[in-house]
Amino acid sequence: MLRLRISQFERAVAQCFGFTLDTMDFSPSVAVRELPLFPLPELVLFPGRRLPLHIFEFRYRILMNTILQGDRRFGVLMVDPTTGEIAKVGCCAEVIHYQRMPDDRMKIMTLGQQRFRVLDYVRETPYRVGLVEWIEDEPVEENLVPLADEVDQLLRDVVRLSAKLTSQEIEFPDDIPDLPLELSYWVASTLYGVSLEQQSLLEMQNTLNRLEREAEILTSTRNNLAARTALKDVLE
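Now for a quick tour of the structure. Please read these numbers as outputs of a predicted model, since none were measured by experiment. (Residues numbered from 1 in each chain as written. Predicted model: local features only at pLDDT ≥ 70, side-chain atom pairs only at ≥ 80, totals over all residues. Heavy atoms only, no water.)

Topic: a nonpolar patch on the surface
Then step 1. Residues V32, L119, V122 and L131 make up a contiguous nonpolar surface patch of about 290 Å² in total accessible area.
Then step 2. Within the fold, V122 resides in strand β6 (residues 106-123).
Then step 3. Taking the relative accessible area as the measure of exposure, V122 reaches 41% and is therefore partly exposed. (Patch = residues over 30% accessible without salt bridge, like charges linked within 9 Å, V, L, I, M, F, W, Y side chains within 5 Å. Areas by Shrake-Rupley, 256 points an atom, 1.4 Å probe, with all protein chains shown as cover. Salt bridge = Lys/Arg side-chain N within 4 Å of Asp/Glu carboxyl O. Helix = DSSP H or I, 4+ residues; strand = E, 2+ residues; numbered from the N terminus. Buried < 20%, exposed > 50% of the residue type's maximum accessible area, 1.4 Å probe, protein only.)

Here is the structure:
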């Protein structure tokens, strides 16, 4: 069963850092560029989603000090924990706030920007730098609003059933995107514990296909939760 990361947690993390979260521009400046890369185990960043990081490793402190003098952007790539393989498709992150510690460690808040594909590695020391191209979803002729509404409702069902099953109050976030593309990223980012599935969703370049896959995942999760909730009601 899939668990959900509710955005209240992300807000709490940001507040711990003393951050006020802003929105950033998503438009790429060039089609191909060199980008410093930050591989992270089992973590997939999506456009429009925030990612707090604690920077302590020396090479990544060098990376952060370098990009803070420039456009504050670096690439996040998922590392497969089983094979150690670094994904070829990732998401550009922009540092929107940072806090430097006395020992030069840093707490940073980043915001996912556009997706990219690694074409080649320019260098690997002291940190990886890749030659990347930006990627976008293909235009679709279908009206995606009905499917997006279905995915939104499925997500609400999963949250409601999770709250009932765990006897907890889970407030549904009020900042759910309306547009199908942004919604597809938002939903994908909430699928906790299935990084390979998230990576697959990140790599898709068709909003329709991404939403359809998310509908499948959420339907399966909802049915699982409904069965467990019914069993709980019988036993109580």
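Re the state of the cysteines
Then step 1. Inspection of the entire model under this criterion finds zero disulfides.
Then step 2. C91 takes part in no disulfide bond, and the closest cysteine sulfur to it belongs to C92, at a distance of 6.9 Å.
Then step 3. Using a relative accessible area of 0% as the deciding quantity, one classes C92 as buried. (Disulfide = S-S within 2.5 Å.)

Here's the deal with the pairing of β6
Then step 1. Examined bridge by bridge, strand β3 (residues 50-55) and β6 share six bridges and lie antiparallel to one another. Among the inter-strand pairings, P52 is bridged to a residue of β6, identified as M109.
Then step 2. In this sheet, β6 lies alongside strand β5 (residues 89-100) in antiparallel orientation, the contact comprising ten bridges. Each bridged residue has a counterpart across the sheet, and for R100 the counterpart in β6 is M106.
Then step 3. Here seven bridges tie β6 to strand β7 (residues 129-135), and the two strands are oriented antiparallel to one another. From the neighbouring strand, Y121 faces β7, where its bridge partner is G130.
Then step 4. Hairpin connection, β6 to β7: the antiparallel pair is bridged by five residues. (Pairing = 2+ DSSP bridges.)

Quick look at the environment of P146
Then step 1. Following the sequence through the fold, P146 ends up in helix α3 (residues 145-166).
Then step 2. Its relative accessible area of 49% is what places P146 among the partly exposed residues.
Then step 3. The spacing of P146 and P180 is 34 residues in sequence and 9.4 Å in space, taken between C-alpha atoms.

Comments concerning the nonpolar core
Then step 1. The biggest cluster of nonpolar side chains holds 20 residues, and the ones touching the most others in it are F38, L53, I55, M64, F74 and I108.
Then step 2. No other element matches the four residues that helix α2 (residues 58-67) contributes to this core.
Then step 3. If you look at the next biggest cluster of nonpolar residues, it comprises 18 residues, including V151, V158, L161 and L211. (Core = buried A, V, L, I, M, F, W, Y, C linked by side-chain atoms within 4.5 Å.)

Regarding the packing of aromatic side chains
Then step 1. Going through the model one piece at a time under the given rule, you end up with four aromatic pairs.
Then step 2. Ring centres 4.1 Å apart and planes at 5° place the aromatic pair F38 and Y60 in the stacked group. Of this pair, F38 sits in strand β2 (residues 32-41) while Y60 sits in helix α2, and the two are 22 residues apart along the sequence.
Then step 3. Judged by its relative accessible area of 7%, F38 is buried.
Then step 4. Accessibility expressed as a relative area gives 6% for Y60, which makes it buried.
Then step 5. One aromatic cluster in this structure is built from F38, Y60 and F74.
Then step 6. The residue whose ring lies beneath R123 is Y127, and the NZ or CZ to ring-centre distance is 5.3 Å. (Phe/Tyr/Trp six-rings, centres within 6.5 Å; stacked < 30°, edge-to-face > 60°. Lys NZ or Arg CZ within 6 Å of the ring centre and 35° of its normal.)

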